[in-house]
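Observations on the model geometry
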Amino acid sequence: MPQEIRLNAFAMAAASHLSAGLWRHPRDRSVDYNKLAYWTDLAQLIERGRFDGLFLADGISVYDVYKGSSEAALRLGVQFPRIDPLLMVSAMAHVTQHLGFGITSSVSYEPPYMFARRVATLDHITNGRAGWNIVTSYGDSGAKAFNGQGARQHDDRYALADDYLELVYKYWEGSWEDGAALRDRESGAFTDPSKIHVIRHDSAHFQSEGVFISEPSPQRTPVLYQAGASTRGRAFAAKHAECVFVSAPSRKIVKDIVADTRRRAADNGRDPQDIQFFMSLTAIPGRTRQEALDKHADYLRYANQEATAALFSGWTGIDLSRYKRDDPISYIPTQGQQSAVERYTTAEPGRVWTVGEVLDRVAIGGSGQLAVGSAAEVADELQAIVEETGVTGFNLGYVLAHESFADFVELVVPELQRRGAYKREYRSGTLREKLFGAGPRLPETHPADQARRKLAVEVD
Ligand SMILES: Cc1cc2nc3c(=O)[nH]c(=O)nc-3n(C[C@H](O)[C@H](O)[C@H](O)COP(=O)(O)O)c2cc1C
């Protein structure tokens, strides 16, 4: 029996996401990223295709490494301008029934209490379909815009993230016992206060004392996603993440990240299968192989090399304008996405990437994999990747909104279903239940649950 493949659509609340410059294509809709109908249409489309979720990347930094300036990114619309993805979710939830939502939110910018409340609200009103992509925020420009100071150092951001998680677990898991919300019309007691506890937190980063203002939502803690893949990032994922998003130019690197993170999770006392991996992939399927190749060639005409360079330079912290096309890229320690630099340097010993190769590779679909071909060929590729790397599924990027997802739903989904590698119907229940087949709450081996049990005996 083939493994069931899981799918998230991968998007951002900006014009063009991973394929820089493609918003110029006459069939692209992403220029309407700031219209609600753009998002509700997308949600309904991918729910028709039985996607597990919509994964929304986000951040408040602009891409300003290329030529030491943000000019190119601003002028060419490189993930800029960008609006807040969280606000679209309630409208999308209203027009769908099963689709999950992975919302990116940064531990550097959102105060834990307010964020925990907002996500609990989302989990309530979506009936337990909320997920959180935990990011630490590497960009200096966002940090400066936020509070006038640059971003924290790489490993310090992860220390802050660990602390943040410890605190939000207390809000979501530790303040309210099950059964505390009574809604008892007869007695007039809305809650049983003896089951609502004050939580306390006093750490280097956060101080908090009080009850959590939101009653427990269906999942309590939203499904936890994480994407950083440096050594420190993997340690963080192995501790907290339920879903890890991996993006790399080769299957070997992805396989190593999956195996290493699962090993670390086991060392933490977690079941390695309690972590699912989603690999970044952009598919260009056609009715025939030739149709797909023609489509790819057409898309490439709208790719923008300067915009791609601005994007890649921002991700890695390496200013590509300083190099010629034939120059090799070599490892430079940065305070940005260390894992993004590693992917093209140290992750595959002996593989040297030139600047030109990187630009051609990243132009369509960014650093993820690209699958171009007939529906059967794309399905073959997805199944081979799952088999070879151990990933659970894919964060599927788009080239053109919403054409790329519509093509996938029309052509590849039925092919995968015929092969028994993709669901025909959704499971019932919350996002966590749909993904893991167990209960709506985190398992006992997860630190969130440990926080709940510890608090249950300590609080007043
Ligand atoms: C595949 C991938 C996707 C990411 N998506 C986002 C994002 O949407 N928003 C964000 O602020 N950071 C994002 N990040 C950045 C990470 O959260 C993290 O801050 C950064 O990668 C540095 O950690 P690392 O060196 O462990 O990779 C992403 C990173 C990776 C590898």
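A quick note: this is a predicted structure, and the numbers were derived from the prediction, not measured. (Residues numbered from 1 in each chain as written. Predicted model: local features only at pLDDT ≥ 70, side-chain atom pairs only at ≥ 80, totals over all residues. Heavy atoms only, no water.)

Another point: the packing of helix α1 (residues 36-48) against helix α3 (residues 86-94). Put simply, α1 and α3 touch, their axes get as near as 9 Å, and they point 50 degrees apart. Taken as axis vectors, α1 and α3 run oblique relative to one another. Seen along the crossing, α1 lies across α3 with a hand that is right-handed. Contacts between α1 and α3 involve Leu36, Trp39, Thr40 and Ala43 from the first element and Met88, Ala91 and Met92 from the second. For the contact of α1 with α3, the class distribution of residues is six nonpolar, one polar and no charged. (Axes fitted to C-alpha atoms, helices over the stretch in contact; angles between N-to-C directions. Helix = DSSP H or I, 4+ residues; strand = E, 2+ residues; numbered from the N terminus. Parallel < 35°, antiparallel > 145°, perpendicular 65-115°, else oblique. Left-handed = near helix turned anticlockwise from the far one by under 90°. Contact = heavy atoms within 4.5 Å. Nonpolar A, V, L, I, M, F, W, Y, C, P; charged D, E, K, R; others polar.)

Near the ligand, the surroundings consist of 21 residues, among which Asp58, His154, Tyr158, Ser230 and Ser339 are the closest. Aspartate 58 has a polar backbone atom sitting 2.5 Å from a nitrogen atom of the ligand. In the model, an oxygen atom of the ligand is placed 2.7 Å from a nitrogen or oxygen of the tyrosine 158 side chain. Protein contacts shield 92% of the accessible area of the ligand, which totals 600 Å² for the unbound molecule. Of all the secondary structure elements, the ones that give two or more residues to the shell around the ligand are α6 (154-174) and α11 (338-343). For the shell around the ligand, the leading source of residues is α11, giving three residues. Among the residues forming the shell around the ligand, the class breakdown is seven nonpolar, 12 polar and two charged. (Near = heavy atom within 4 Å. Polar contact = N/O pair within 3.5 Å; in protein donor to acceptor, adjacent residues only side chain to side chain. Areas by Shrake-Rupley, 256 points an atom, 1.4 Å probe, with all protein chains shown as cover.)

The linkage connecting phenylalanine 80 with the following residue, proline 81, adopts the cis geometry, with an omega of -5 degrees. Of note, the amide linkage connecting alanine 401 to histidine 402 takes the cis form, showing an omega dihedral of -15 degrees. For histidine 402, the position within the fold is in the loop between β13 (393-397) and α14 (403-418). Even without being glycine, arginine 183 reaches a positive phi, approximately 50 degrees. Mapping arginine 183 onto the fold places it in strand β5 (residues 181-184). Looking at arginine 183, the relative accessible area reads 48%, which means it is partly exposed. (Buried < 20%, exposed > 50% of the residue type's maximum accessible area, 1.4 Å probe, protein only.)

Quick look at the packing of helix α4 (residues 112-125) against α6 now. Relative to each other, α4 and α6 sit at 50 degrees, their axes nearing to 10 Å. Taken together, the axes of α4 and α6 lie oblique to each other. Every pair of crossing elements has a handedness; the one defined by α4 and α6 is right-handed. Contacts from Pro112, Tyr113, Phe115, Ala116, Val119 and Ala120 of α4 reach α6 at Tyr164, Leu167, Val168, Tyr171 and Trp172. Considering only residue class, the contact of α4 with α6 consists of 11 nonpolar, no polar and no charged.

These figures capture arrangement, not role.
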